[in-house]
Amino acid sequence: MSHKVLVIEDEPTLARLLSYNLTQEGYEITVADHGGEGLQTALQRSFDLIILDIMLPGMNGFDILNRLRQNGLRTPVIILTARNAEEEVVQGLKHGADDYITKPFGVAELLARVSAVLRRTQLQDDNMMPETTEKIITAGELSIYPDKYEVVLDGESIPLRPKEFEVLLYLVQRPGMVITRDDLMNVVWGFDYIGGQRTVDVHVSSLRKKLELGQQSVQIESIRGVGYKLVMHKKLVTPKG
Ligand code: CA
């Protein structure tokens, strides 16, 4: 059964972006664009997760969070905070938020946070140890741990920057598909990221170098003038020495 997510966000573009990407990922989305309406919806219906903006018409995110917790509702909440607003994060967590995402954010980060919060709640409910249900994606000699942002290559953990990790995860989930720089830009850096596509190239090139440390069963090919493609080879047998 798909998880039900309530998005309380008044900014139409952002609400659409959240709704679109979460729906694509299989979540069932309800959007409220007004504080009071959001609170009512959260209290009347049952959700697995609430994504909550702070600055809202009618009632702000902190007040909504307070009311939810006062009513005994323990649904996990991820708050959306403005850039450079550490105080919002602190207040939000104090009021009972489970996690936060700072605007602007990329789709990759959004999906990672949503899935991590849902998994944590699930684990608490099931009272299970995390080790038993850890999510692992494998590609060639790579093992990718999405919740930990960790990649293991030939048994060795390789240090990736968060954006490199998100690029890799996105490519690995779409093997053989040509992914444009624009796609990567939107997914990893956010739709309103101000910066050139050069940023994408720099990260891919650094990522590629790190992957070359292994047996290269997974490689990132450049498609000239377009973007990138992840290619998986059969395990290469290279003579040692
Ligand atoms: Ca807002």
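Structure first, text after, so check above.
To keep things clear, this report deals only with the structure shown in the data block. (Residues numbered from 1 in each chain as written. Predicted model: local features only at pLDDT ≥ 70, side-chain atom pairs only at ≥ 80, totals over all residues. Heavy atoms only, no water.)

Sheet architecture is open: three strands sit in the order 10-12-11, paired in antiparallel fashion. Either end of the sheet is taken by a strand with one partner, and the two such strands are strand 10 (178-180) and strand 11 (218-223). The average undirected angle you get between the axes of adjacent strands in this sheet is 30°. Looking at chain direction, strand 10 and strand 12 (residues 227-232) are connected through three bridges and run antiparallel. Counterpart to Thr180 in the pairing with strand 12 is Gly227. Sheet strands in contact with helix 6 (residues 162-172) are strand 10, strand 11 and strand 12, and its direction is about 65° off that of strand 12. Its contacts with the sheet put helix 8 (residues 198-211) on strand 11 and strand 12, and the angle it makes with strand 11 is roughly 150°. (Pairing = 2+ DSSP bridges. Helix = DSSP H or I, 4+ residues; strand = E, 2+ residues; numbered from the N terminus. Axes fitted to C-alpha atoms, helices over the stretch in contact; angles between N-to-C directions. Contact = heavy atoms within 4.5 Å.)

Attention now moves to the packing of aromatic side chains. Under the defined criterion, the tally for this structure stands at one aromatic pair. Ring geometry for Tyr149 against Phe165: centres 4.5 Å apart, planes inclined by 20°, an arrangement best described as stacked. Of this pair, Tyr149 sits in the loop between strand 7 (142-145) and strand 8 (150-153) while Phe165 sits in helix 6, and the two are 16 residues apart along the sequence. The exposure class assigned to Tyr149 is partly exposed, which follows from its relative accessible area of 27%. The cationic tip of Arg113 hangs over the ring face of Tyr100; the distance from NZ or CZ to the ring centre is 5.6 Å. We note Arg174 situated over the ring of Tyr170; from NZ or CZ to the ring centre the distance is 3.7 Å. (Phe/Tyr/Trp six-rings, centres within 6.5 Å; stacked < 30°, edge-to-face > 60°. Buried < 20%, exposed > 50% of the residue type's maximum accessible area, 1.4 Å probe, protein only. Lys NZ or Arg CZ within 6 Å of the ring centre and 35° of its normal.)

At a minimum axis distance of 9 Å, the contact between helix 7 (residues 181-189) and helix 8 shows a crossing angle of 85°. Between helix 7 and helix 8, the angle falls in the class roughly perpendicular. Counting all contacts with helix 7, which are made through Arg181, Leu184, Met185 and Trp189, the residues of helix 8 involved are Thr199, Val200, Asp201, His203 and Val204. Across the contact of helix 7 with helix 8, the residue classes tally to five nonpolar, two polar and two charged. (Parallel < 35°, antiparallel > 145°, perpendicular 65-115°, else oblique. Nonpolar A, V, L, I, M, F, W, Y, C, P; charged D, E, K, R; others polar.)

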